[in-house]
Structure formats: C-alpha cells, structure tokens
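Examining the three-dimensional arrangement
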Amino acid sequence: MLLIFLVLPKFAQATHNRAGEITYTHVQGLTYEVVITTYTKASALADRPWLFLTWGDEVGNQLDSLSRELPIVVMPGDIQKNVYRGTHTYGGPGIYPLTVEDPNRNEGVLNMTGSVDTPFAIQSLLIIDPQAGNNNSVQLLNPATENACLNQTWIHNPAAHDPDGDVLTYSLVPSRGFGGEFIPTYIYPDEVSAASDVFSIDEATGDVTWNTPQIAGEYNVAIRIEEWREVGGMLRKVGEVTRDLQIDVQLCDNQPPEIAAMGDTCVLAGESLTFNVFASDPDGDGVTLSAVGGALSEVAHPATFASVGAGNGVFSWSPECAEVRAQPYQVVFKAQDVGNAIPLVDLETRQITVISPPVTQLVVDPVGYDMSVTWQPNECADDLTNPIQVLGGYEVHRRTADQEIDWEPVLCETGIPADAGYTLVGSVESLDEVGWVDDTGLSFGVTYCYRVVTRYGDGALSLASEEVCGRIRKDVPVMTRASVLTTSESGSVLAGWSPPTELDTVAFPGPYRYELWGQPMDGSGLAPAQLWTSSTADALSGLDTTTVLTALNTESHAWSLAIHLRSDTVLVGLPPAATTPWLTFTPDDNRLRLDVQQDVPWRVASYVVERQIPTGGPYVVLDTVEVPMYVDSNLVNGATYCYRVTTLGAYDDPTTESPLVNLSQEACARPFDYTAPCAMALEVAADCEVERDTLRWSPVPGCDSDDIVGYNIYWAPFLGDSLTLWRAVDNPDDTVAVFNEDDVLGTIAGCFVVTALDSLLPGPDGNLRRNESVGLDTACVDNCPYYFLPNVFSPNRDGPNDAFRAFPWKFVDSVNVAIHNRWGEVVFHTNDPEIGWDGTYLDTGEALPEGVYFYAATVYTRRLVGIVPERFSGQIHMVRGPSGTSD
C-alpha cells in the first residue's frame, strides 16, 4: 500500500486535534487531488506528531508529494486550520479508502477507552466507477469549532457542498483508530451519562444535535457524508467523506442564541431571491450572524449575506442557468453570542433549489393524423457547466381538451404532477432536439393540449411550459367497418367509412369517388390492390359509405382495408387502414385460449365472445371482455368448438358513429392436453454399507396435479453426463425407488431426476401422446470407495491364504498392481481388482522364495466426478510354512 509521510515536529502526548476530514477533486483521467484538512490548537503546533496518508491502492512505485497550504489560518478560540494537498494517479476503477492517521488523540476523551494511546484516524472513500462518471467529493464549508455548555443544546452542521449535485445522506459512525478501523471501545456521547440526553443527526440536512450534554469533558464524534448518483435508474454510491471532530463540554453560565425558523425555498434561474434572517439571545447578549454554503462560495454566480446588526442579516442571490440542478443548495446560517468566555451558537439550515425556466414558443400543428410539437430550446441548454446536466432532454405531456382540469404550474413545482390530468406521451433524448411528432393513435375532431418539460441529466426538471392545443381535422374519409360477413375461401366482408366533414372543397372540388383498397394479411407481402370503386358524384353526400366485398378468402387470413377519396383524379390524403378481426387459438388441457388481432385507427373498448352451443348450433354469448384475449375452460379434450368475436370500438370524435361493430371470422378448434403434470421434488439417501440409493419424490409445494399416472427416473453415472432413463414407474402411488438393489450396477454414484407423466390421449394428429413434467430437482450422490490389501499370505497349498487377494472391495473399476522383489524386479502384474497372486514368478510360473515383497497399486475408483485414480504402496510378507515349496 502506498504511504505518504508528512514529517512534522517531535511526538507529544497532547496533540490537541479538534477535527479533520479528507476531500478530493477529479483532475483528469484517473488522477485526483486529495486535500487533508485538520483543526488543531494553534498553541500546540510545536507538539505536532507525524502525519501519514494511505492512498488506498497497492501501487508503490512512486511517492506523490504533499504540500502544506499557506498562510495558515488561525480562527477564533485559538483554532488553527491546516490544509495539505497532494495528487495521485490510480491504476483503474475501484473503491479506494483514503486514510490519514495521527499517532494519538487527546488524553481523557470520555467516550472511548485510552484515548491518548489511540490514533486519530480519518477516512474517505474515493470510488472510481466508469458507469457513474467522474466524481468530486463533498466540500465541508463550516469549520468544526463549536464548543458546548452543560445542559445547553449543542448543534453543528458541516455545510457539505457537492459540486456534482449528487444526493447526500448523513449518518453518525464511530471514530477510527489503529489501521483506520473503528475504535472498538467507542460509544456515542449520549451513552456516557445515565441521563436521557440524545445525540442525533438529521440524515437529510446533516444537522448534528446534542440535547443536552450532561458531563463536562472532551468527546470525539464522526459524521459520515455519503454521495449517491442515479445510474441506470438506481441510486449508486459514488463517494464518502467522514469528518471526525472534538466537542469540548464545559461548565458555563450561558444560553445559546436562537435563529427564527425558515422553510426551504426555491428561485428561478435568472431571477432574484432575497430574504431576512433574524436571531435573538435569551440572555440579552449581542449576536453576530454569518452564513456558509455552496451558494455563497462554490458557484459561478454566488449569493451574498450581510449581517446588519442587532441580530439581523440579509441573504440575496441571483443565480443563473449554471446553478440549475436537481439537488438544492444548502445554506447554514450561524448565530453566535458575544461577550462570553464560552460563546454558544445556533444553526438554521435552509435548502434553496434553483429551478430551470420553461421552454417557450411551443407550437402544435396537425400533420395528417399526427401532431407535430415544436418549441424553442430551453434558455439554459447552452449555459450548463456540469457535464452530467448536459445529458438531458425534453418530456412531452398531453391531455384532451374535454378533460376539465384546474392545474397551473406554480413556483417551486417542477415538472407535471401525476394527478394534474396530463399523460407523458413522448420524450426527446437531447437538449438540442426541439421537436417531436405525436403518432400515438390520435383521432380526428379531437383537440389535444400539450406541455413540454425540460429534463436535465441529473434528474432536474424545469417548470412546465405554457399549454398549447391543436386539433386534427376530419378532411379525409376514415374507416369504420371491416367486418367479416361469411367465412370461407370465397367469403364476404362488410366495409364502411365515415366521409370527411372538413374537406377543403376549393382545393379539392368535385366530382368525387371512393376507392376501396385491400391487402391479404397472409404474410405473402402482396401490395394493396383496388377491390372496389364507387360511382362519381359532384357532392360527397351522393356517395355510398358502405359496400360488401365478395370472393375474399376469409377462412385463412384477415384483410386490411383502406378507403381513398379522389377529387376528380387527385387523391385526397391517405387515411389509415383497418383490418378485419382475426381469431387464433392456443389449445390446452380442457381449455382453449382465444386471441384477437386487429389493427384499426379507432380505440377498441371491448370484445364479445360467442360460441356455437352445441357445435353447429346457434351462437351464444359467453362473455364480454376488455382485452383481446379470452380463455374458455371446462371443455372436453378432442371435441370441436366453434367461435366468433365481435369488437366494439369508437373514435375520440363524438360526431362519428359509435360503437363501431366488427366481426371476426368464424373459427373452430379442439382442446388438447398440453399441460405437463407437477414437477417432482426429489431426495436421494445414499447408504454405502449396503450399496443402495433410496429415492423419494413428491410434487413441489403448491402444485396439484390430478392426472399423474406414472413417473420416469433418469440417471447419469457421472457429474455432467447426459441423463438417460433408468426406470419407468407405472403406479402413481409408488414414490420410492431403490437404486442398485440387485447389485448389478456396481455403483451408487450419479445424478438423478424424476419426472411425472400424465395420461395417454389422442393428439391433434390422432396419435396417442402424453405430457411429461420438467425435471426440476437434480439430486447427486457419490460413492464411498473401499479397497485394502493384506500384508501377509502363505502360498503353501493348505487352503487358507494360498493367494494374495484384496479384502472385499467396493466401487472399484479396475486396478494396476505391480509386485516387486527386493531388487526392484517386477515379479507379478495384474489389472484384476482381486489380484490373486499365488507367489509364482510371472514369466516362468516358478515358485518364489518366501520373504518380503513390495507392491505399487493404482486403484481406479468410481466417483461422481468420474473414474478417479488413487495410488498407494506397501509390503507383502510371503510365508510358505513347513511345506512352503511346491513340487
């Protein structure tokens, strides 16, 4: 780990550390500048010990230099602010803990044990995450200098400013010691006394409050500020800074001042915000007011705060577009009494959000059956300095004019609330694009009203634009009917349309005629063809608006129909087509699922499902549903059922006929059992002693099948092998099986799966078929091989122990055994697990003399992972006895 040492004057036991934190700023690429800030007693500077920083990575080939910032600032209360800076380049993405450690804390800190022997350590997290982008840590603008009095409320706020506009959360954590780890004996300040004082933090604002200190002395506390950024729709942590600070609680006759409460507020970029701040002191002491925060010092157009005396101050800010962001700017106002040995303070935190102005010059124009929406770029689009902000766009919201709403945007209300009566219908993903076409099924004769909202890269929303409305004129005929009358290869379709009511007869004078064009929806890709034409008339009222098309194949596919109007020979627009409803089926066990496909320019509200009862008889309504899908259940598998569906719809224009009634083709289908039984949960118990596996199975919890007639048991001898059928079980009540029951397989290892089978029934082709459940659980077990050799045998032909044999063995596939004499010569070799050496020489069959022989064995055991070799060796004592020679 890379270490940087700051060599300072000699170690002393009282360092007078009051506070410290580590912050960082992205420079470029993987290079960051790190800033260490500590607060010490100025009078104790000569006693400073060594201070060292760990960068958090494992790179150690280069030492980066740290420089001390000058001049050194000495603040009221003899508090000195020390700032050290250094840069470091990291090797790649990662989470890097930056840790500073000073050898000891002050002596006598009450909320830890042995503070003088405990290091003063502070830590921040530098997170390099390419998906989240570059990150700069928070900057803590309020020094840690507040003292406390017994039995008086103490408050502190670090005034954290995030230059990237990330979401901040605050929490209390234990102080750190050796190695940057949390101090194990640490307790929070309100745990020191037995009283009911409360030490807490506001996780949203960072206000740390102690109500109220009960024991005088020194306390150490640590405040963690975490940064969060939206990445892929989720908040992701991108950094962390911790401030460790000291609280001196003293006995004093003083009460803190009080600042009048202020609520959060907002200001529109380009406008001004001014308000008064007032503080008073219960003891009648004088009060000084001050303020810190990012709005006052860290922005391009900073605010000002002036203390005008008598506890009064004036805050003024005129932010511009560069200050627009989703997160508010936190301003911490501080009131401190004067004339006391121990001055006390009160803090008031106010959040100020800078809001983007709305887009202007919104224009809505009808283009055929679509609506073109355009606007001028947001005036802030060219003035953004934060690279995250630039990754923004625009949101388009719409309502119909017949909806009565009373919503208008007010200051501090960005975007459009969900209950305002508008629907988000579109978006543009760039701040440079200033137009969008609404083609989301608009209807003629309806007035549509739009508002546009700017959305910036960090999620900030502008005020909503002014509302602008537009109406699509009915200046072309529109389809109203595409309804199947008869279903056959030479069927008929009723086509109908509504004539134009706003036709420009000057631009398009008579005579007029209609043409009906059609296209089969059979996947052939044939171009639309003219199927019918009307007679001509000088006025539209003299023309028919319905016709019956014949000789169309309505049995195999749907039809797409479009009505065209001609002014003499000129085509008047191209209105959208409409398709006949098309009914399809998905058969299943005792049920049929019906789906209706229909592509029409009007809105379909409901579907009336009818079935012939009995088949071949009249149609009877089964149900009316609001979705283009219906499941007809309690049917008989293999029986034929015939259906048709009527769709009911309407245009948004109230002057057009309603409902629009259109029928699908008549279609029949048969249900078949395609539903597999329940999956089986399997348990396998292996018994090595008897060389058996006991399999037990049952349906998975929550599943209930009433048509299980048997099971298939599959087995793979080795892990990763393909499963093959081991046994078919025909009795549905038999849910136990014993594997290797007859000792034929020679193994109990392997993986098992059990599936369930339902009844054999005729399928659509007439052949018998059945369903098999999925193999849900794969249970695997292993062998426990056993193979041992004796160390003595007596080949004297008296019967017992005449041959060198293995003890009874289990789960061995083969062996490679070689027996050597004392000179290393191989006298016997075999691959037989039994071995069976009779003490003779392998080449001649000559009896070998008694004595000590040596064996080397490789035993190939059958395991779940495959054939596993195991090697061992040993000695054999050959004893021939009184008749120990062969004749």
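Structure: see above.
This report concerns the structure included in the present document. (Residues numbered from 1 in each chain as written. Predicted model: local features only at pLDDT ≥ 70, side-chain atom pairs only at ≥ 80, totals over all residues. Heavy atoms only, no water.)

Looking only at helices and strands, the protein features two helices and 65 strands. Since a compact globule built from 887 residues should have a radius of gyration of about 29 Å, the 44 Å found for the protein marks it as more spread out than a globular shape. The principal-axis extent of the C-alpha atoms belonging to the protein is close to 130 × 110 × 50 Å. When burial is assessed residue by residue, the protein has 48% of its 887 residues classed as buried. Partitioning the intrachain contacts of the protein with sequence separation of at least 6 by distance along the chain shows that 67% fall at a separation of at least 24. For the protein, the exposed area adds up to about 40400 Å²; of that, 51% sits on carbon and sulfur atoms. The averaged location of the 119 negative side-chain charges in the protein is 4 Å from the averaged location of its 46 positive side-chain charges. (Helix = DSSP H or I, 4+ residues; strand = E, 2+ residues; numbered from the N terminus. Rg over C-alpha atoms; globule rule 2.2 N^0.38 Å. Buried < 20%, exposed > 50% of the residue type's maximum accessible area, 1.4 Å probe, protein only. Contact = heavy atoms within 4.5 Å. Areas by Shrake-Rupley, 256 points an atom, 1.4 Å probe, with all protein chains shown as cover. Lys, Arg positive; Asp, Glu negative; His and termini not counted. Charge placed at Lys NZ, Arg CZ, Asp CG, Glu CD.)

Attention now moves to the packing of aromatic side chains. Summed over the entire model, instances satisfying the criterion amount to 33 aromatic pairs. On the basis of an interplanar angle of 80° and a centroid distance of 5.6 Å, the ring pair of Phe199 and Trp210 is categorised as edge-to-face. Taken as a pair, Phe199 in strand E15 (residues 198-201) and Trp210 in strand E16 (residues 208-211) lie far apart in primary sequence, eleven residues in all. Both rings, one in Phe444 and one in Tyr651, keep their centres 4.8 Å apart while their planes meet at 50°; by these two values the pair is tilted. Linking Phe444 in the loop between strand E31 (435-438) and strand E32 (447-455) with Tyr651 in the loop between strand E47 (641-650) and strand E48 (660-663), this pair joins segments that are 207 residues apart in sequence. What links up through ring pairs into an aromatic cluster is the set Tyr787, Phe793, Phe804, Phe828, Trp837, Tyr853, Tyr855 and Phe872. Lying over the aromatic face of Phe182, Arg176 brings its terminal NZ or CZ to 4.2 Å of the ring centre. Cation over ring: Arg325 sits above Tyr329, and NZ or CZ is 4.0 Å from the ring centre. (Phe/Tyr/Trp six-rings, centres within 6.5 Å; stacked < 30°, edge-to-face > 60°. Lys NZ or Arg CZ within 6 Å of the ring centre and 35° of its normal.)

Okay, the pattern of salt bridges next. Pairs may arise between side chains of opposite charge once their charged atoms sit close together. What the rule picks out here adds up to 26 salt bridges. For Arg243, the salt bridge goes to Glu21, with nearest N and O atoms at 2.8 Å. Of this pair, Arg243 sits in strand E18 (residues 234-250) while Glu21 sits in strand E2 (residues 17-28), and the two are 222 residues apart along the sequence. The exposure classification of Arg243 matches that of Glu21, with both residues buried. Of the charged contacts, one joins Glu429 and Arg455 as a salt bridge, the two residues approaching to 3.4 Å between their closest N and O atoms. Taken together, the residues span a long stretch of sequence, with Glu429 in the loop between strand E30 (423-428) and E31 and Arg455 in strand E32 at a distance of 26 residues. Take Glu429: its relative accessible area is 54%, and that puts it in the exposed class. Among the charged side chains, a salt-bridge network with shared partners connects Arg224, Glu226, Lys237 and Glu240. (Salt bridge = Lys/Arg side-chain N within 4 Å of Asp/Glu carboxyl O.)

Quick look at the pairing of E32 now. With eight of nine residues buried, E32 is to be regarded as a mostly interior element. Where strand E29 (residues 393-400) meets E32, eight bridges bridge the pair, whose relative direction is antiparallel. Along E32, the bridge assignment pairs His397 with Arg451. For E32 and strand E33 (residues 468-471), the ladder comprises four bridges, and the chain directions are antiparallel. Looking at E33, one finds that Cys449 is bridged to Cys469. (Pairing = 2+ DSSP bridges.)

Attention shifts here to the side chain of Ser462. With respect to the helices and strands, the residue Ser462 is situated in the loop between E32 and E33. Here the side chain of Ser462 touches Thr454 through a polar contact of 2.9 Å, landing on its backbone nitrogen. Setting aside residues up to four positions removed in sequence, Ser462 forms contacts with Ser356, Pro357, Pro358, Asn378, Thr414, Gly415, Val453 and Thr454. (Polar contact = N/O pair within 3.5 Å; in protein donor to acceptor, adjacent residues only side chain to side chain.)

Turning to a nonpolar patch on the surface, a few remarks are in order. A contiguous nonpolar surface patch, about 210 Å² in accessible area, is contributed by Val627, Met629 and Val631. Inspection of the secondary structure puts Met629 in strand E46 (residues 629-633). (Patch = residues over 30% accessible without salt bridge, like charges linked within 9 Å, V, L, I, M, F, W, Y side chains within 5 Å.)

Below, the discussion takes up the sheet that holds strand E51 (residues 692-699). Sheet architecture is open: three strands sit in the order E50-E51-E54, paired in antiparallel fashion. Edge positions in the sheet fall to strand E50 (680-687) and strand E54 (736-739), since each of these pairs with one other strand and no more. Taking each pair of neighbouring strands and ignoring which way they run, the sheet shows an average axis angle of 20°. (Axes fitted to C-alpha atoms, helices over the stretch in contact; angles between N-to-C directions.)

Let's shift gears to the nonpolar core. Formed by 78 residues in total, the largest nonpolar core has its most connected members in Phe315, Trp317, Phe333 and Trp375. Leave out the neighbours within four places in its chain, and Phe315 touches Leu273, Thr274, Phe275, Leu296, Ala303, Thr304, Phe305, Val331, Phe333 and Ile352. Listed in part, the 29 residues of the second largest apolar core include Met112, Tyr170, Ile201 and Val241. (Core = buried A, V, L, I, M, F, W, Y, C linked by side-chain atoms within 4.5 Å.)

Turning our eyes to something else, we now look at a negative patch on the surface. Taken together, Glu320, Glu379, Asp382, Asp383, Asp432 and Glu433 make up a surface patch of like negative charges. Among the secondary structure elements, Glu320 is positioned in the loop between strand E24 (312-317) and strand E25 (329-337). Classification of Glu320 by relative accessible area gives partly exposed; the value is 34%.

Here we take up the sheet that holds strand E26 (residues 345-355). With mixed pairing, four strands are arranged side by side in an open sheet as E20-E26-E25-E22. What marks the edges here is a single partner per strand, and that holds for strand E20 (265-268) and strand E22 (287-293). Taking the axes of each pair of neighbouring strands and ignoring which way they run, one obtains an average angle of 25° across the sheet.

This part is about the state of the cysteines. Applying the stated rule across the entire model yields eight disulfides. The disulfide bridge from Cys449 ends at Cys469, spanning 2.1 Å between sulfur atoms. A torsion of 105° about the S-S bond marks the disulfide between Cys449 and Cys469 as right-handed. With Cys449 in strand E32 and Cys469 in strand E33, this pair connects stretches of sequence that are 20 residues apart. For Cys469, a relative accessible area of 36% puts it in the partly exposed group. (Disulfide = S-S within 2.5 Å.)

Let us look at unusual backbone geometry. With an omega of -10°, the peptide bond between Ile613 and Pro614 qualifies as cis. Turning to its location among the elements, Pro614 is positioned in the loop between strand E44 (603-612) and strand E45 (619-625). The residue after Ser658, namely Pro659, is reached through a cis peptide bond having omega 0°. Its identity as a non-glycine residue notwithstanding, Asn590 has a phi of 60°, on the positive side. Turning to its location among the elements, Asn590 is positioned in the loop between strand E42 (582-588) and strand E43 (591-597). The backbone phi angle of Asn801 is positive, close to 55°, even though this residue is not glycine.

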